[in-house]
Structure formats: structure tokens, C-alpha cells
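Listed below are the residues making up each chain.
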Amino acid sequence: MVLDASIGEPWNRTGPRVVHDGFEIDPAEPSPTVEPACPVCGGTLPIALVKLLRSGSAAAWPEPDAVVTTFGLRSKRFGDSLVITDPIGLEASLLSLSCGSCTTEFVACLGYGEWQPARYLATYLGLVAIT
Ligand SMILES: [Zn+2]
């Protein structure tokens, strides 16, 4: 699976979009969602933020350097472990999704974490097709 940054929304220099700012995301509550447009067909790609709670860390992607470059992330190595964060320091996750209309497969990148005691932020860093 290769990230194809020519199809999608490569990161922009204005920084990540904050898509959740409040209490910790609770799987028992209706999930906030982010709804980017499919860059291929224009359809809606709803992403329930609750999926962040069980998503794959960006550091676990087979080619973490490509993830860092594609989404404008930061990486730090602590001994054997790699930590990848968004530009404001939230842990970055990747969510796989496919468009319900054109079936193109995408990876969306989001950040999530505690920002202040008991205040949680989620950021949306864009999505790209995978080939
Ligand atoms: Zn589509």
C-alpha cells in the first residue's frame, strides 16, 4: 500500500484543522464526524472520530517516513520506538476508508490526544489515495 499524494488533500502549511475540542471522545456517545469530500468523485467521506480510539498509529505504517512527509507530521525516535505526532504534538493516527460512490481507497490522517487536563483535541490532516 503506497500513499498517493497526487490524489487527495496533501497537508497545507496553515496547520492542522481542529475537528474536536472538548471532553475525551466517548464510544458510548454519538461520535463527532469530519466529512471531507472525495477528491475523485466529490462524494462525502464521513469519518467518525470515535474510530480514532482504535485506529492504527501512524508510526505503525510500513513506511513511516512517507506518512510524515505526506501529512506534514513530526517524528521522534525513543530507543526502539517511533512516535509520530501532528505539528501541535498530538499522536497521529491513520484511518482506512473507501468512497461509497467510486470505491477509491483512502487513508485519512488525524491527530488526537489530551491537550490540557481533561481537554481533548482532534485534528484532521487530510487524506490521500492508496495504491
Ligand atoms: Zn469517490
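Everything discussed here concerns the structure shown above.
To start, this report covers the structure provided alongside it.

Turning our eyes to something else, we now look at the environment of F71. Relative to the helices and strands, F71 resides in helix 1 (residues 64–71). Using a count of 29 C-beta atoms within 10 Å as the deciding quantity, one classes F71 as buried. For the pair F71 and P16, spaced 55 residues apart in sequence, the C-alpha to C-alpha distance is 9.3 Å.

If you look at the biggest cluster of nonpolar residues, it comprises 28 residues, and the most contacted ones within it are A58, V67, F106, V107, A108, C109 and L110. Contributions of two or more residues to this core are made by helix 1, strand 8 (91–98), strand 9 (105–116) and strand 10 (119–130). Looking at this core element by element, the count peaks at seven residues for strand 10. Once residues within four sequence positions are removed from consideration, C109 is found in contact with A58, F71, A92, L94, L125 and G126.

It is worth spelling out the pairing of strand 6 (residues 74–78) at this point. Within a regular strand, the side chains alternate between the two sheet faces. Of all five residues in strand 6, zero are buried; the element is thus mostly exposed. Two strands pair when backbone bridges link them, and strand 6 and strand 7 (residues 81–85) are joined in this way by five bridges, in the antiparallel orientation. Within strand 7, the residue paired with S75 across the bridge is I84. From the end of strand 6 to the start of strand 7, which pair antiparallel, there are two residues, and G79 there has a positive phi angle of about 60°.

This paragraph deals with helix 1. The set of residues buried in helix 1 consists of V67, T70 and F71. Burial along helix 1 is one-sided: seen end-on, the buried residues are contained in an arc of 75°. In this structure, the buried side of helix 1 is in contact with strand 1 (3–8), strand 7, strand 8, strand 9 and strand 10. G72 occupies a position one or two residues after helix 1 and carries a positive phi of about 65°.

With phi around 65°, T103 is a residue other than glycine that occupies positive phi space. Not every positive phi belongs to a glycine, and A118 is a case in point at roughly 65°. Structurally, A118 is set in the loop between strand 9 and strand 10. In this structure A118 comes out as exposed when scored by C-beta crowding, with 9 C-beta atoms within 10 Å.

With respect to the secondary-structure elements, T104 resides in the loop between strand 8 and strand 9. Beyond its immediate stretch of four places on either side in the chain, T104 contacts C38, V40, S98, C99 and A129.

This brings us to the pairing of strand 10. Among the 12 residues in strand 10, nine count as buried, and that is most of the element. Sheet topology note: the strand 1/strand 10 ladder contains three bridges and is antiparallel. Considered in strand 10, the bridge of G8 is made with V128. In terms of strand pairing, strand 2 (residues 17–22) meets strand 10 through five bridges, oriented antiparallel. For G22, the partnering residue across the bridge sits in strand 10 and is Y120. Taken together, the nine bridges between strand 9 and strand 10 define a ladder with antiparallel strand orientation. Considered in strand 10, the bridge of G111 is made with T123. What sits between the antiparallel neighbours strand 9 and strand 10 is a turn of two residues, in which A118 has the positive phi angle 65°.

The rules behind the values
- Residues numbered from 1 in each chain as written.
- Predicted model: local features only at pLDDT ≥ 70, side-chain atom pairs only at ≥ 80, totals over all residues.
- Helix = DSSP H or I, 4+ residues; strand = E, 2+ residues; numbered from the N terminus.
- Buried ≥ 20, exposed ≤ 12 C-beta atoms within 10 Å, placed from the backbone.
- Core = buried A, V, L, I, M, F, W, Y, C linked by C-beta atoms within 7 Å.
- Contact = placed C-beta atoms within 7 Å.
- Pairing = 2+ DSSP bridges.
- Arc of directions from axis to C-beta.

Just distances and angles here, no functional claims.
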